[in-house]
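Here is how the chains run, residue by residue.
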Amino acid sequence: MTSITAREELGTSADVALIRRAGRGDVAAFDALVATRLDRCYRLAWSILGNDADAADATQDAFLAAWRQLPRLRDLQAFDGWLNRIVANAARMARRHRVRLREVQVESANTTAPVQVSVLSTRPDPSPSAFDAVAERDAIGRAFDRLRPDERAILTLHHVDERPVVEIARSLGIPVGTAKWRLHSARRALERALEAEA
Amino acid sequence: MSDRQLSERQIAAALAAHVPPAAPAGLHERIVTDSSTMTQQSPLPSILGLLFDADPVARRRATLLMAALLVILGLATAVAVGALLEQQRPRSIDPPPDLAAYIDGAYRGLADLPAFEMVGLEQGDRHRIHSNGRGTIRDERFSVNLTRIVSKDHVVELGLDQNGSPTLVDSGTSGIVPGLEIGRYMSLTQTCETPPVYLDLAVVIGRPTHHVRCGPREYWLDVDTRLVLRSAVASSTDPPRRASSAGHDSSGPSPAALADWEVTDLRIGPQPDELFAFAPPSGYAVVRFDDPACMFVGFATCTAPNASPASPEPYRTPVPVAGPDQVPADLDGLLASVEQAYAAVPALELVIQSSANRRGESTVFGQTSRSHHWADGAGRFRTQLSDSDNTIYITTGGHIWISYHEDNGSTVWRDNTGVFADHGGVGDIQFDFHRDCAAGWQWIGTELVVQRPAVHLACGPEDFWVDVERRLVVRREVRPSDPLELVTSIDEVVELRVGPQPGDLFELPPGAVTDPPTP
């Protein structure tokens, strides 16, 4: 985690220059900003939406919104948190829109049903050694899909994109303490979902 | 609690395998292409920019902030409009529901007089009074051809000296709220001796007034300004008469009431600034209160200088002693021990400094004075004042001898014993301490006076500091109980030496001339 933070700090001044240029309408600068952030933003949108097409659309909407609004961003250092919030918001909006559509069309148990959390204390101990590594990853992946969007988003930001909690808090628009608690809570939810999945 | 504990590495590995590693091909290009054809929004100034921010959190915050600002702005507008309407609204002519509070409010209102010009008769002495609405008053007394301009910070008098030459006497600063002087003309006091009585709604000089009785006195309080337009006192000896000379009254004083203050003209509104200038008008000589010549120009202010010294001393209050402090277990016993201490004052020498402090100021107000005191421990006392004559009081053998310097240069010691005994003896060092306190004694703390611990006690507007060891009062402060009086008087022991004193201090000098002659 330390190396990532240091890398981010090193890249900050160059990024600020790019952000400033992009804010003045420089498409090439914006191109460079997109290149270094697209995958991460896409994963964030995907973690909330759970499918590729919606995540791609939400990511595109978010970047275009960021492009339009960039001249109005005053604190250039806060660009990443600002962008992440736009992505998360676009994904949430898309999810809300999609749920409304499905309510009209067909009820989907996978996406709209509440997560069933059951703790079976009598279940045999599933120690890691008993699992095949691939099977375990699949199980965790399925358990991940059962989580709420915000839980998926915070786990993705932390465990996949290795974003520091401070930035996660900024990205989700919540205090750092709340972000820590939500991260902890999401991990517990993942563990419970994993057991339910098993 | 879940049975299954996942490690960071397990979660990270699983999610990395589960979550797409990269955005789909072509998304980057689509974004850049679309952005190149999309116009960016121009920056908006501060709060407006935030209201339209793409970031929903910033947008929500800005919206809340704007809503809060609008609420505050609305409240401020409502308050301002309310105050304006209140000013314009005619005051009620109904009898005040709480008459005592109404009269008290009229008295306190003297501290915040509006701008006006008033002509009034104070026991036949005609005044023209101007108020600038900012705390300065100009009072012209026609009978003595004297004009007094007074604010809280400056007092000057303009008139003619004994030779008829125009003179301005600069008296420095004032110890009272200027409006109090007008209150004195009106004989207005803060409280009534008996519960006030509402008599009627009366018209004086064409203005509606509340006519009230307050003890033996009647007031006609202007409904609009609460100024006293007429004041009368009941008289059992003078024949009844109507006091008004202004006419058109709906109500005169009650039978047997004699008006001693009557406004004959009142014009509310701004007054010319030049009326309130403290600078001497052209052709006027200036005499300061502390100039010896002042004593000969015939102005009253020369005898009561109030000016601050050139470099005013800071006003200091005693500091608490270090360490924990607690209420004396036996406060009554402490008070009794003070009385006992003055019943048998030990041999000592002390110096008392008398000064004053004006409310809210950090420096000493006016001049300080000192007096030197000795006690021989056997009931004899000596007091020496720091006045120009170094007046000495010697209390011995049942006499209080005072030194008088005669015009021929000799000194005569006159016996001040009896009803005129305003100085001398133990009273000079007792600071008017009294064991009884109608308001109830309050313990404040233990503080240092002359580097010695002293118990700080309060009784209404008076504070006393009692030396812990000697039980002598070493400091007293008396705050004004009148809200229009500004000055707190302070008497404090600044030097204290306990021990035998030379015996000749307590005896008249050899060959002293006494009046009456000593046997």
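All of these numbers come straight from a predicted model, not from anything done at the bench. (Residues numbered from 1 in each chain as written. Chains lettered and ligands numbered in written order. Predicted model: local features only at pLDDT ≥ 70, side-chain atom pairs only at ≥ 80, totals over all residues. Heavy atoms only, no water.)

Draft legend 1. Layout of the packing of helix α2 (residues 27-49) of chain A against helix α3 (residues 52-69) of chain A. Residue and element names in this part refer to chain A. Contact geometry for α2 and α3: axes closest at 8 Å, N-to-C directions at 140°. Considering the angle they form, α2 stands oblique to α3. The handedness of the crossing between α2 and α3 is right-handed. From α2, Val-27, Phe-30, Val-34, Arg-37, Leu-38, Cys-41, Tyr-42, Ala-45, Trp-46 and Leu-49 reach across to α3, where they touch Asp-52, Asp-54, Ala-55, Ala-56, Ala-58, Thr-59, Phe-63 and Trp-67. Taken together, the residues that form the contact of α2 with α3 break down as 14 nonpolar, one polar and three charged. (Axes fitted to C-alpha atoms, helices over the stretch in contact; angles between N-to-C directions. Helix = DSSP H or I, 4+ residues; strand = E, 2+ residues; numbered from the N terminus. Parallel < 35°, antiparallel > 145°, perpendicular 65-115°, else oblique. Left-handed = near helix turned anticlockwise from the far one by under 90°. Contact = heavy atoms within 4.5 Å. Nonpolar A, V, L, I, M, F, W, Y, C, P; charged D, E, K, R; others polar.)

Draft legend 2. Layout of the pairing of strand β16 (residues 392-396) of chain B. Residues and elements named next belong to chain B. For β16, a buried count of five out of five residues is recorded, marking the element as mostly surrounded by other parts of the structure. Side chains Ile-392, Ile-394 and Thr-396 project from β16 onto one buried face, and the interleaved Tyr-393 and Thr-395 project onto a second face that is buried too. Here four bridges tie strand β15 (residues 381-385) to β16, and the two strands are oriented antiparallel to one another. By the bridge assignment for β16, Arg-382 is matched with Ile-394. Here four bridges tie β16 to strand β17 (residues 399-405), and the two strands are oriented antiparallel to one another. (Buried < 20%, exposed > 50% of the residue type's maximum accessible area, 1.4 Å probe, protein only. Pairing = 2+ DSSP bridges.)

Draft legend 3. Representation of the pattern of salt bridges in the model. Residue and element names in this part refer to chain B. For the coordinates displayed, the defined rule picks out 38 salt bridges over all chains. Salt-bridge contacts for Arg-108 lead to Asp-104; the nearest nitrogen and oxygen are separated by 2.8 Å. With a gap of four residues between them, Arg-108 and Asp-104 both fall in helix α5 (residues 99-108), about one helical turn apart. For Glu-495, the salt bridge goes to Arg-497, with nearest N and O atoms at 3.2 Å. A single salt-bridge network, built from bridges that share partners, covers Lys-152, Asp-153, Arg-358 and Glu-361. (Salt bridge = Lys/Arg side-chain N within 4 Å of Asp/Glu carboxyl O.)

Draft legend 4. Spatial organisation of the sheet that holds β16 of chain B. All names here are of chain B. The twelve strands are arranged β19-β20-β21-β22-β23-β13-β14-β15-β16-β17-β18-β24 in an open sheet whose pairing can be described as mixed. Pairing within the sheet leaves two strands with one partner each, and these edge strands are β19 (442-449) and β24 (513-515). Neighbour-to-neighbour, the strand axes of the sheet open up by a mean angle of 20°, direction not taken into account. Here helix α8 (residues 331-343) sits on the sheet in contact with β20 (452-459), β21 (462-467) and β22 (473-478), set at roughly 110° to β20.

Any functional reading would require information beyond the geometric quantities listed.
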